[in-house]
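Structural description and commentary
Take a look at the letters that make up each chain.
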Amino acid sequence: MIDLFREIAQILAHNKMRTFLTGIAVAWGIFMLIVLLGMSRGVLNNFNSFESAENAATVSIWPGSTEKSYCGYREGRSIELKRTDINAIAEHNRNNVNLLLASKVINNVQISTPRDYIADGLFGVFPENQHTDRINIIKGRFINQSDLDTRRKVIVINSQTANVLFGEGVDAIGKRVDAFGLSWLVIGVYIHDWNKASFIPFTTAMTLTGSDGTVSNIAVKIKNVSTTEEGDSLDSSLRRTLAKQHSFAPDDQNAVHIWNRFTGYLTALKATTILEIAVWLIGIFTMLSGIVGVSNIMFVSVRERTHEIGIRRAIGAKPRSILTQIVVESITITTLFGYIGIVCGTLLTNLIAKLTEGSDMLVNPTVDISIAFKVTLVLIVAGALAGLAPALKAIKIKPVEALHDE
Amino acid sequence: MIIQLNDINKTYPGAVPLHVLKDINLSIERGELVSIMGASGSGKSTLLNILGILDTYDSGSYYLDGTLIKNLSENHAAELRGRMIGFVFQSFNLINYKSALENVALPLFYQGVSRRKRNALAMEYLEKMGLADRATHLPSEMSGGQKQRVAIARALVTKPAIILADEPTGALDSHTSKEVMQVFRDLNAEGMTIAIVTHDPGVGAQTNRIIRISDGRIEEPDKAL
């Protein structure tokens, strides 16, 4: 076996240029496959970190204004969502409603401490909003049920807000801020990419804004919905419920805005599946062209060496040994250069991962090492197949004909 | 009897089939030095290829050292070729990227001899040919006579039953030809059986027996000189 590899090493070294060109074709194919897979993986990871099926099972409803006259009302009437709508929705859509949340947004509220102040939105929320809004608490806690029940004046603020109000490195938990002429206890600090709002209990926010019972939006956690059709029919059902509550046309798309994250998720999922398939196809075809390259070069190489193969057979080389030699030769080339391709591809994807760290475009655009190994395996098999055809052709030539070939 | 041919016929198929060997009967004894002479196209190369199991024949029988050579698988033929026959060619047929030593050792590689042993044996035969100092040289760095002696060393290294030489002096000048023929004569004196195909009467004259072939038939068989 060592002898065989010594023999092959000598042959490959003798034909440096040919070996090199073949190798480049293979290495390039693998390199492209790894990089493409890494990139698409990055896009997919980004999508996946954004959305999970569970998180996506949410329908959000915002108020709008009617665009159709109905029941004696003129078009252009503003519709406001009421707290009572929550019960109506729950009652009319029992099969699909898991949980109902509402939030009350109070815009442009000045929050101050003796040190400094900020002006931003104040959100009255439920404990579940921590998950739906992806609020990452780094200190303290989020709003809980007991805060809601007793309408506590507690607040959860962004870490940047905390830095402004209390100074950098100061623990804000347990300190107090002023807003609306009231004193609020800071119970939690969170970090988020873009959300800078401050959160207070929903019930407290409702109390603050008077007694008209309007809410800023309603979020419905849905269940038993798995297709786009089911999602769409739920949307119209919700719209009908609200139409009855607020006396607007059930087909009025503008009276309330309904955004079904789940159907959006399904569409995106389909798109990413297509992306993934496309990337695999491109990668596989790139790799195929590398393999065809190897096969081609092996054909040429065998053709060039017909005479040498004739000599070897005249001095007692069995067709079997010639076959083994050529096949192992092409496996050696594909494996060696395929490995180089994998290493380069992995290095590049890791470099890109470093450069794009924390960006919204790509998340960890690297390829699983197991995929790299699978690709190598495919490569070795492909190399063997690529070598087999020319090798079989080589041993079909009679030694006497091969010897005459100069 | 090392070689025994009985009524060998060989036709090359084609639009006009070419009957190149016609009822060839031939025997070569152990320890003989014979030459097979004939004009080009006489069928002598075909005969040599059949003797060397490089080619097949259509009818008749060929015994090599008592073994019937007929309908062999290519693997079996290769094995017999490697073990029993040493080839020497007009164009040397050395592998150009291998050193003299590696070329001589190559037949042993295909017989599964260990690297150390085959290099030792190869060196032994290079020394015998007076080329020990050329062991690491590539064929391109050697003269024609040296190349042919490397080729002879390669033919000898497997200790074959017979050496078949195809125009071994065809590419050499007259002085070198004489040297190479002397090598063959010396080997024959040590008991090696050698058959040389040639069209050069000077070469034929240095062998113990000339087998003349013309138009696919052996003329005046076994005419001793």
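What you are looking at is a predicted structure, and each value in this text was computed from that prediction instead of being measured.

Between its first and last C-alpha, helix α4 (residues 115–128) of chain B extends 20 Å over 14 residues, near the 20 Å set by a 1.5 Å rise per residue. Every buried residue of α4(B) is listed here: R118(B), L121(B), A122(B), Y125(B) and L126(B). What you see down the axis of α4(B) is that its buried residues fit within an arc of 140 degrees, all on one side. Turned more than 90 degrees away from the buried face of α4(B) sit R116(B) and K117(B), all of them exposed. Against the buried residues of α4(B) lie α1 (2–14) of chain A together with α3 (100–109) and α5 (144–156) of chain B. Immediately downstream of α4(B), the backbone of G130(B) shows phi near 70 degrees, a positive value.

All names here are of chain A. In this structure, S40 sits in helix α2 (residues 16–50). What makes S40 buried here is its relative accessible area of 4%. If we skip the residues at most four places from it in the chain, S40 touches L275 and V279.

On to the pairing of strand β8 (residues 193–198) of chain B, then. Residue and element names in this part refer to chain B. The buried fraction of β8 amounts to 6 of the 6 residues, a majority that puts the element mostly inside the structure. Side chains T193, A195 and V197 project from β8 onto one buried face, and the interleaved I194, I196 and T198 project onto a second face that is buried too. Bridge analysis of strand β3 (residues 33–37) against β8 gives 5 bridges, and the strand direction is parallel. From the neighbouring strand, S35 faces β8, where its bridge partner is I196. Examined bridge by bridge, strand β7 (residues 162–166) and β8 share 5 bridges and lie parallel to one another. Considered in β8, the bridge of L164 is made with A195.

This paragraph deals with the interface of chain B and chain A. Tallying the contact residues gives 28 residues for chain B and 26 residues for chain A. Here chain B packs against chain A, burying approximately 2,400 Å² in sum over the two surfaces, 56% of which is carbon and sulfur. Considering only the side of chain B, the residues that lose the most area to chain A are N75(B), Y97(B) and Y110(B), jointly responsible for 30% of the buried surface there. Run the count over chain B and chain A and you get 4 salt bridges. For the salt bridge of R313(A) with E74(B), the shortest nitrogen-to-oxygen distance reads 3.2 Å. Taken together, chain B and chain A are joined by 11 residue pairs in polar contact (both at pLDDT 80 or more). Tallying contributions element by element places helix α2 (residues 74–84) of chain B first for the side of chain B that touches chain A, with 6 residues. Residue composition of the side of chain B that touches chain A, grouped by class: 12 nonpolar, 7 polar and 9 charged.

Residues and elements named next belong to chain A. It is at 10 Å that the axes of α1 and helix α12 (residues 319–355) come closest, and there the two elements cross at 65 degrees. The angle between α1 and α12 falls in the class roughly perpendicular. Between α1 and α12 lies a crossing of right-handed hand. In contact with L4, F5, I8, I11 and L12 of α1, α12 contributes T324, Q325, V328, E329, T332 and I333.

Residue and element names in this part refer to chain B. Across the sheet, which stays open at both edges, the 6 strands sit in the order β6-β7-β8-β3-β9-β10 with mixed pairing between neighbours. Because the sheet does not close on itself, it has two edges, and the strands there are β6 (85–88) and β10 (217–219). For this sheet the average axis-to-axis angle between neighbouring strands, irrespective of direction, equals 25 degrees. Along the sheet, α2 makes contact with β6 and β7, crossing β6 at roughly 75 degrees. Across the sheet, α5 lies against β6 and β7, angled at about 170 degrees from β6, the strand it touches most.

What counts, and at which threshold
Residues numbered from 1 in each chain as written. Chains lettered and ligands numbered in written order. Predicted model: local features only at pLDDT ≥ 70, side-chain atom pairs only at ≥ 80, totals over all residues. Heavy atoms only, no water. Helix = DSSP H or I, 4+ residues; strand = E, 2+ residues; numbered from the N terminus. Expected span 1.5 Å × (residues − 1). Buried < 20%, exposed > 50% of the residue type's maximum accessible area, 1.4 Å probe, protein only. Arc of directions from axis to C-beta. Contact = heavy atoms within 4.5 Å. Pairing = 2+ DSSP bridges. Buried area = accessible area lost by both parts, 1.4 Å probe. Salt bridge = Lys/Arg side-chain N within 4 Å of Asp/Glu carboxyl O. Polar contact = N/O pair within 3.5 Å; in protein donor to acceptor, adjacent residues only side chain to side chain. Nonpolar A, V, L, I, M, F, W, Y, C, P; charged D, E, K, R; others polar. Axes fitted to C-alpha atoms, helices over the stretch in contact; angles between N-to-C directions. Parallel < 35°, antiparallel > 145°, perpendicular 65-115°, else oblique. Left-handed = near helix turned anticlockwise from the far one by under 90°.

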